[in-house]
Every structure is written in C-alpha cells, then in structure tokens.
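# Breakdown of the fold
As a plain string of letters, each chain reads:
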Amino acid sequence: MPEAPSQALPLALQAEAGAETLISIDEVQRTLNRSRASVYRYTNTDPRNLNPPFNPRKLNPEYRSDQKEPLVFHPHEVARFARDVLRIKEVTVEVLNSPSTATQQLLASILEELRAIRTQLDGAEAPPADLHLHRQQHSQARPAA
C-alpha cells in the first residue's frame, strides 16, 4: 500500500572512500519501512531470467552473475522507487563516508610517502637524455678500481 504523499524518506548509506555503495535487501527493508516479504514482492526478479529488463513499476536490483548472489540495489534506484512507485515525497539520498579503517590509514601513509618521493624526484637534477652521456657522467663519478 503506498504511503501518504507528505511522508519524507531520508536514505542514509555508508560509502567506502567515495565508491558507489550498493545496499542489501535488509537495508532496503529498513529504509522503506516495509516487511521483507513486501520488499521481495516489489523487486524486479524472475526465476527464469537472472537479470530481467528494467521495469519502472518495480525495484530493480543490480546486475548479478549468479542466481546465488544476494540481491543488492543502488541507492538512487531505491530513491526512484520510493518516489515514483510508493509516492513518497521529499526523498533524499545521503551518502556518508565510513569511519577510517587501518587499511585506509595505511594507504594514506603510502600516498604521503609517494608524494614525498615525487617531490624529491622533481627537485633532482634532470637525467641526461642520451645514454652515452649518462654513462660518461657515471664513469667519471666513480673512482677506478
């Protein structure tokens, strides 16, 4: 049963470092405030076709390569469905950054180090374009054995 047109639906999601986040059927259930059975009833699925064509009257899941993969949905698709099919007005999609993880901290420190190396390389004397000149400079800098 469609909700009253005056209802607002905030759709807050966690994003992994700016990547597009897909949401599970459980998150859709909580977001739309519907039972699990009704969310499955809304969903565009077909037992004979793994990825049925887009249906504007249904909640369309993301592409799946195997029937055993769980259904996941793009936040904008959930918002479109809530707005166009359920007639919920004032649908907002808010993507929040997840808290920093140890992996993200490590990647940030590696990036910092690479930037420092790049700065040092950019400040270094430009290498000779000719290999012969480079060998001459290198051999002159080394004392003979």
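Please refer to the structure placed before this passage.
These remarks concern the structure in this document. (Residues numbered from 1 in each chain as written. Predicted model: local features only at pLDDT ≥ 70, side-chain atom pairs only at ≥ 80, totals over all residues. Heavy atoms only, no water.)

## Points about the overall build of the chain
How we decide: Secondary structure elements follow DSSP: runs of H or I no shorter than four residues count as helices, runs of E no shorter than two count as strands, and numbering proceeds from the N terminus. Every residue pair with non-hydrogen atoms within 4.5 Å of one another is taken to be in contact.
Across its full length, the chain holds five helices and four strands. Its helices and strands in sequence order give the chain the pattern β-β-α-α-β-α-β-α-α, from N to C terminus. Restricting to contacts in the chain with at least 6 residues of sequence separation, those with at least 24 account for 54%.

## As for the packing of aromatic side chains
Let me state the cut-off plainly: Only the six-membered ring of Trp is used, alongside the rings of Phe and Tyr, when aromatic pairs are assigned; centres must lie within 6.5 Å, and planes under 30 degrees apart are stacked while those over 60 apart are edge-to-face, with the rest tilted. Only protein chains enter the accessibility calculation, which uses a 1.4 Å probe; a residue whose area is less than 20% of its type maximum is buried, one above 50% is exposed, and one in between is partly exposed.
In this structure the tally under the stated criterion is one aromatic pair. With 5.1 Å between their ring centres and 50 degrees between their planes, Y42 and F81 make a pair best called tilted. Here the residue Y42 occupies a position in helix 2 (residues 36–42), and F81 occupies one in helix 3 (residues 75–84), the gap between them amounting to 39 residues. The exposure class of Y42 is buried, given its relative accessible area of 15%.

## Here's the deal with unusual backbone geometry
Among all residues except glycine, the phi angle is most often negative; among peptide bonds, the trans geometry is most common. Backbone geometry at N33 places phi at a positive 55 degrees, although glycine is not the residue there. Topologically, N33 is positioned in the loop between helix 1 (25–32) and helix 2. In the Ramachandran plot, R87 falls in the positive-phi region, its phi being about 60 degrees despite a non-glycine side chain. On the basis of relative accessibility, which here comes to 47%, the residue R87 falls in the partly exposed class.

## Quick look at the pattern of salt bridges
Any two side chains of opposite charge can pair, so long as their charged atoms come close to each other. As a reminder of what qualifies: Salt bridges are counted wherever a side-chain nitrogen of Lys or Arg sits within 4 Å of a carboxyl oxygen of Asp or Glu.
A complete count under the given rule lists five salt bridges for this structure. As a salt-bridge pair, D26 and R36 come within 2.1 Å of each other at their nearest N and O atoms. Taken together, the residues D26 in helix 1 and R36 in helix 2 connect sequence positions ten residues apart. Of the residues examined, D26 reaches a relative accessible area of 34% and is grouped as partly exposed. Residue classification places R36 among the partly exposed residues on the basis of a relative accessible area of 36%. R80 is the partner of E77 in a salt bridge, and the nearest nitrogen-oxygen pair spans 2.7 Å. Separated by three residues within a single helix, E77 and R80 lie in helix 3, roughly one turn from each other.

## A word on the nonpolar core
Worth spelling out the cut-off: Grouping buried Ala, Val, Leu, Ile, Met, Phe, Trp, Tyr and Cys residues that are joined through side-chain atoms within 4.5 Å yields what is termed a nonpolar core.
The biggest cluster of nonpolar side chains holds 17 residues, and the ones touching the most others in it are V28, L32, L59, F73, V78, F81 and L86. Within the residue set of this core, elements represented by two or more residues are helix 1, helix 2 and helix 3. At four residues, helix 3 tops the list of elements feeding residues into this core.

## Things to note about helix 1
Heads up, the rule is: To be clear, the arc concerns the directions from the helix axis to the C-beta atoms.
Taken together, the buried positions of helix 1 are occupied by I25, V28, T31 and L32. When helix 1 is viewed along its axis, its buried side chains cluster within an angular range of 120 degrees and face the same direction. Of the residues trailing helix 1, N33 is marked for its positive phi of about 55 degrees.

Don't take any of this as a statement about function, it's just geometry.
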